Amino acid sequence: MADTALTAPLRSPLSQVADRLATATRASEGAIRLAELPFLAQLTVRLDAKGAAAEAVGLALDIPLPLQPNSVVRAGELTVLWLGPDEWLLVGPPGSGRELESRIREAAGDEFVAVTDVSAQRTTLLVTGPRARDLLAHGCSLDLHPRAFDSGRCAQTTLGRTQVVLVARGEPRAGFWVLVRSSFAGYLADWLLDAATEYL
């Protein structure tokens with residue numbers, strides 16, 4: 001029987017615009033940095049925030065599930081985003097999805113938990129630099145001033161008319177993650193590159 005496994009190397013949704021993102025970054029002379037963070041593991045986790053599974057999953061992952069709306073918790077290579085009262089998005093390093101899902105299910109035991117690997121659904125754009133907030137503000141209706149959307153915050157919103165999950169990163173000068181559906185990633189990258197011409 002013939003081996004039908006895919007042998008082609010993985011291609012990220014933005015592999016064709018990587019050079020353009022790098023060129024814009026160089027041309028801005030430090031004002032902005034645009035890059036794709038491809039293939040991050042992304043798992044949607046649904047469970048009762050007040051149940052025993054929430055604490056058990058947090059202990060198993062060594063990172064508590066955030067309970068504050070639109071908040072982000074980060075520990076090591078894992079980041080957890082609050083998406084709803086009983087829904088989180090767990091983001092980890094590439095290739096870690098199966099192992100993370102196994103840990104979550106084992107920790108939850110007999111408690112209800114729904115874990116869905118959505119890694120292939122989205123890609124992640126990194127937007128950093130001193131003018132990152134200004135760039136994003138061109139197409140986002142959220143108040144992105146640090147007093148309203150500081151590090152450790154996230155929101156499901158639109159950017160350039162595209163549905164995204166926007167994350168203010170927790171480290172100094174770490175900028176933003178823009179999680180966008182793979183099918184809209186090219187459009188959003190073009191929009192960001194066009195909006196960035198002001199800083200080039």
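It should be emphasised that the depicted structure is a prediction, and the values quoted were computed from it without experimental measurement.

## Overview of the overall build of the protein chain
- Helix and strand counts for the protein chain come out as five helices and ten strands.
- At 18 Å, the protein chain has a C-alpha radius of gyration in line with the 16 Å of a compact globule built from 200 residues.
- Counting every position in the protein chain, which comprises 200 residues, the buried fraction comes to 45%.
- For the protein chain, contacts bridging at least 24 residues in sequence account for 61% of all contacts bridging at least 6.
- Computed over 19 positive and 23 negative side-chain charges, the inter-centroid distance for the protein chain is 6 Å.

## With respect to helix α3 (residues 97-108)
- Along its twelve residues, α3 runs 17 Å from first to last C-alpha, staying within 8% of the 16 Å computed at 1.5 Å per residue.
- By the burial criterion, the buried members of α3 are G97, L100, I104 and A108. Burial along α3 is one-sided: seen end-on, the buried residues are contained in an arc of 70°. α3 presents R98 and E106 as exposed residues on the side facing more than 90 degrees away from its buried surface.
- Against the buried residues of α3 lie β2 (41-46), α2 (52-61), β4 (78-84), β5 (87-92) and β6 (114-117).
- At the C-terminal side of α3, G109 shows a positive phi close to 60°.

## Examining the environment of G152
- Locating G152 in the fold gives a position in the loop between α4 (132-137) and β8 (153-159).
- Taking the C-alpha atoms as reference, G152 lies 5.9 Å from R169; in sequence the two are 17 residues apart.
- With residues near it in sequence (within four places) discarded, G152 still touches N70, S71, V72, A168, R169 and G170.

Rules behind the numbers
- Residues numbered from 1 in each chain as written.
- Predicted model: local features only at pLDDT ≥ 70, side-chain atom pairs only at ≥ 80, totals over all residues.
- Heavy atoms only, no water.
- Helix = DSSP H or I, 4+ residues; strand = E, 2+ residues; numbered from the N terminus.
- Rg over C-alpha atoms; globule rule 2.2 N^0.38 Å.
- Buried < 20%, exposed > 50% of the residue type's maximum accessible area, 1.4 Å probe, protein only.
- Contact = heavy atoms within 4.5 Å.
- Lys, Arg positive; Asp, Glu negative; His and termini not counted.
- Charge placed at Lys NZ, Arg CZ, Asp CG, Glu CD.
- Expected span 1.5 Å × (residues − 1).
- Arc of directions from axis to C-beta.

That's the geometry; what it means functionally is another story.
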